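If you want the building blocks of each chain, they are given just below.
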Amino acid sequence: MQTIYPPYTNNLNSLVRTSPHKFTGTGSPARLSVHCISRSDSVQFPNGIGYSRADWQTTCAILSSKVVSLDQPTDKSSEENLNLIPIDAATSRNGSPAFPPQKALSITDLSPAPMHGSKLKVAYQGVTGAYSEAAAGKAYPNCDTLPCDQFEVAFQAVELWIADRAVVPFENSLGGSIHRNYDLILRHRLHIVGEVQLRVHHCLLALPGVRKECITRVISHPQALAQCEHTLTKLGLQATREAVDDTAGAAEYIAVNNLRDTAAIASARAAELYGMQILADGIQDDSSNVTRFVTLAREPIIPRTDRPFKTSIVFAQDKGTSVLFKVLSAFAFRNINLTKIESRPHRNRPIRLVDDANVGTAKHFEYMFYVDFEASMAEVRAQNALAEVQEYTSFLRVLGSYPMDMTPWCSSRDD
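Residues numbered from 1 in each chain as written. Predicted model: local features only at pLDDT ≥ 70, side-chain atom pairs only at ≥ 80, totals over all residues. Heavy atoms only, no water.

For the chain, the name recorded in an unreviewed UniProt entry is Arogenate dehydratase, with Tripterygium wilfordii as its organism. In its Function (unreviewed entry) section, the UniProt entry covering the chain states "Converts the prephenate produced from the shikimate-chorismate pathway into phenylalanine." (UniProt positions renumbered as here; feature names shortened; annotations may be inferred.)

S.K.: Just to check I follow, could you spell out the environment of Met-404 for this structure?
M.R.: Here Met-404 lies in the segment after strand E20 (395-403). Under the relative-accessibility criterion, Met-404 is labelled buried at 14%. A C-alpha to C-alpha distance of 8.4 Å links Met-404 and Arg-307, two positions 97 residues apart in sequence. Setting aside residues up to four positions removed in sequence, Met-404 forms contacts with Glu-195, Arg-307, Pro-308, Phe-309, Lys-310 and Glu-374. (Helix = DSSP H or I, 4+ residues; strand = E, 2+ residues; numbered from the N terminus. Buried < 20%, exposed > 50% of the residue type's maximum accessible area, 1.4 Å probe, protein only. Contact = heavy atoms within 4.5 Å.)

S.K.: Even after reading the chapter, I still don't get the environment of Glu-171, so can you show me in this structure?
M.R.: In this structure, Glu-171 sits in strand E6 (residues 165-172). Sequence-distant contacts of Glu-171, defined by excluding residues within four places in its chain, comprise Gly-176, Ser-177, Ile-178, Val-290, Thr-291, Arg-292 and Lys-340. Here Lys-340 takes part through its side chain, which lies 3.3 Å from a polar atom of the side chain of Glu-171. (Polar contact = N/O pair within 3.5 Å; in protein donor to acceptor, adjacent residues only side chain to side chain.)

S.K.: Sorry, what's going on with the pairing of strand E19 (residues 367-373) here?
M.R.: If a strand is regular, its side chains alternate between the two faces of the sheet. Extensive coverage of E19 is indicated by the burial of 6 of its 7 residues. Direction of pairing for strand E15 (residues 309-316) relative to E19: antiparallel, over a ladder of 6 bridges. By the bridge assignment, Phe-315 is partnered in E19 with Phe-369. Relative to E19, strand E16 (residues 338-345) is paired through 7 bridges, and the arrangement is antiparallel. By the bridge assignment, Ser-343 is partnered in E19 with Phe-369. (Pairing = 2+ DSSP bridges.)

S.K.: Sorry if this is basic, but what is going on with the packing of aromatic side chains here?
M.R.: Here a ring pair, both rings aromatic, is described through the centre-centre distance and the interplanar angle of the planes. Scanning the entire structure with this criterion turns up 5 aromatic pairs. Taken together, a centroid distance of 5.0 Å and an interplanar angle of 85° make the contact between Tyr-182 and Tyr-370 edge-to-face. With Tyr-182 in helix H5 (residues 179-187) and Tyr-370 in strand E19, the pair connects residues that are 188 residues apart, well separated along the chain. For the residue pair Tyr-182 and Tyr-370, the accessibility class agrees, reading buried in each case. For the pair Tyr-367 and Phe-369, a centre-to-centre distance of 6.5 Å together with 50° between the ring planes defines the contact as tilted. Through pairs of rings, three or more aromatic residues link up here, namely Phe-170, Tyr-182 and Tyr-370. In this structure, Arg-298 is placed above the aromatic ring of Trp-161, and the distance from its NZ or CZ to the ring centre is 3.8 Å. (Phe/Tyr/Trp six-rings, centres within 6.5 Å; stacked < 30°, edge-to-face > 60°. Lys NZ or Arg CZ within 6 Å of the ring centre and 35° of its normal.)

S.K.: Is there a simple way to think about unusual backbone geometry in this case?
M.R.: With the exception of glycine, most residues fall at negative phi, and the peptide bonds are largely trans. Even without a glycine there, the phi angle at Trp-161 is positive, about 65°. Following the sequence through the fold, Trp-161 ends up in the loop between helix H4 (151-159) and E6. For Trp-161, a relative accessible area of 32% corresponds to the partly exposed category. For Asn-335, which is not a glycine, the phi torsion comes out positive at approximately 55°. Note on placement: Asn-335 falls in the loop between helix H10 (324-332) and E16.

S.K.: Would you take a moment to explain the sheet that holds strand E12 (residues 262-266) for this structure?
M.R.: Reading across from one edge, E11-E10-E12-E9-E13 is the order of the 5 strands in this open sheet, with mixed pairing throughout. This sheet does not close on itself; its edge strands, each paired only once, are strand E11 (240-243) and strand E13 (277-281). Mean inter-strand twist for the sheet, computed between neighbouring axes without regard to direction, equals 30°. The pairing of strand E10 (residues 217-220) with E12 spans 3 bridges and is classified as parallel. (Axes fitted to C-alpha atoms, helices over the stretch in contact; angles between N-to-C directions.)

S.K.: Please clarify how the nonpolar core should be interpreted in this entry.
M.R.: Soluble globular proteins tend to bury their nonpolar side chains together. Formed by 34 residues in total, the largest nonpolar core has its most connected members in Leu-204, Leu-205, Ile-215, Val-218, Leu-232, Ile-265 and Met-276. Only strand E9 (203-206), E10, helix H6 (222-227), helix H8 (247-257), E12, helix H9 (268-273) and E13 provide two or more residues apiece to this core. If we ignore the near neighbours within four places in the chain, the residues touching Leu-205 are Ala-251, Thr-262, Ala-263, Ala-264, Ala-266, Ser-267, Ala-270, Ala-271, Met-276, Gln-277 and Ile-278. (Core = buried A, V, L, I, M, F, W, Y, C linked by side-chain atoms within 4.5 Å.)

S.K.: I would appreciate a short explanation of helix H11 (residues 380-392) in the present structure.
M.R.: What sets the pattern is the α-helix's 3.6 residues per turn: residues three or four places apart point alike. Taking 1.5 Å of rise per residue, the 13 residues of H11 would be expected to cover 18 Å, and the 19 Å separating its terminal C-alpha atoms lies within 8% of that figure. Those residues of H11 that fall on the buried side of the exposure criterion are Ala-382, Gln-383, Ala-385, Leu-386, Glu-388 and Val-389. Residues of H11 that are buried in the fold lie against E15, H10, E19 and E20. (Expected span 1.5 Å × (residues − 1).)

S.K.: In this structure, what is going on with the state of the cysteines? I would like to understand it.
M.R.: Any covalent bond linking the sulfur atoms of two cysteines counts as a disulfide. Overall, the coordinates contain 0 disulfides when judged by the stated rule. Free cysteine Cys-228: the closest other cysteine sulfur is in Cys-203, separated by 9.3 Å. For Cys-228, a relative accessible area of 0% corresponds to the buried category. (Disulfide = S-S within 2.5 Å.)

S.K.: Teacher, can you tell me more about empty space enclosed by the protein here?
M.R.: Over the atoms rolls a probe the size of a water molecule, and in doing so it shows where empty space is left. Applying the stated rule across the entire model yields 2 cavities of 30 Å³ or more. Approximately 260 Å³ is the volume found for the largest cavity. Taken together, 19 residues make up the lining of the largest cavity; nearest its centre are Tyr-131, Pro-169, His-221, Gln-223 and Thr-247. Mapped by element, the contributors of at least two residues to the lining of the largest cavity are helix H3 (131-139), E6, H6 and strand E14 (290-297). (1 Å grid on protein atoms, 1.4 Å probe; cavity = no way out; pocket = protein on both sides within 12 Å on 5 of 7 lines; lining within 4 Å. Points joined across faces, edges and corners; volume = space filled by probe spheres on them.)

So, in structure tokens, the structure goes:
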């Protein structure tokens, strides 16, 4: 039975602390080092500073060694040689102290801001004008965005300390789940730290002067093509559909290659960025077209109970789908609402024989189950539910416990 908990699950007998990847700029990141800390010695400080008293004391000792104490006696000869002015004698023209009193160190002073005070750098898949870029801006206003050509590159950018966060789509209200990212989150040691729900407004774009009757091909992301299939048919377009990596990339491709027989499904912002005209506006099959994005980080956030939280887990079971009922009952018994359950093939064990005999054709497919539920890992009922779930499962991993996106919908098409 393999159970993987993030560092904030302090309901265990011991905490497991994992040091973050550190990218040196040459070669691969350093290996993860795991340290066990006894429960009596574990302590959590605000803003996630330190995981043990030893770490905290060591940090304070290093910082205090670099701070000159005002009470420490000084050598006058040294002051004269260096032309130092005693603080008591240093006054401005109006009689007030020239140097303000030194502020005592606090925990907030020791909290490292991302990239040492600079803006957050957020990776996303696509080019400028993609919906993922809009989701990154909604999650982290005024952030620096980092476009990536593939989803896996966005994951790796965070792991290698090139970016602080990654924003990737997980599911759409019309097209369903983005299975690629479900598989990638198992392969990478990142944590879900937030979610963003973005209303998607698709447009049919073409080069200036091109009419709909001249379009013989429509290109876009596979999800965008699926979300607009019925509308494209109603428009009477006798055009083939072709999938590309992302929506804004499709518009860029047409503009760069001057393709006058090809249209793209993308946002109105992409049309503005790449000099395209909008042939049809709002072509999604359902006006309530929403994509849910998740934000990923190297370290999990500390769960809280003062606002609505969501927790995402993934698990596998040895005895087939018959155990699934017991797993779901662990949440139902505690009145925990499940918002999503998704199954994906177990890549390491795709097929399981019904009995021990290695003959016949009676086999079961093995699955990994992804579950989202509305509760914080700081709540006792969530901890007890997972304790019961792990009794029925062979593998359990908490992907993240994070605040729910509770922002109201905007009527603007750019939302």
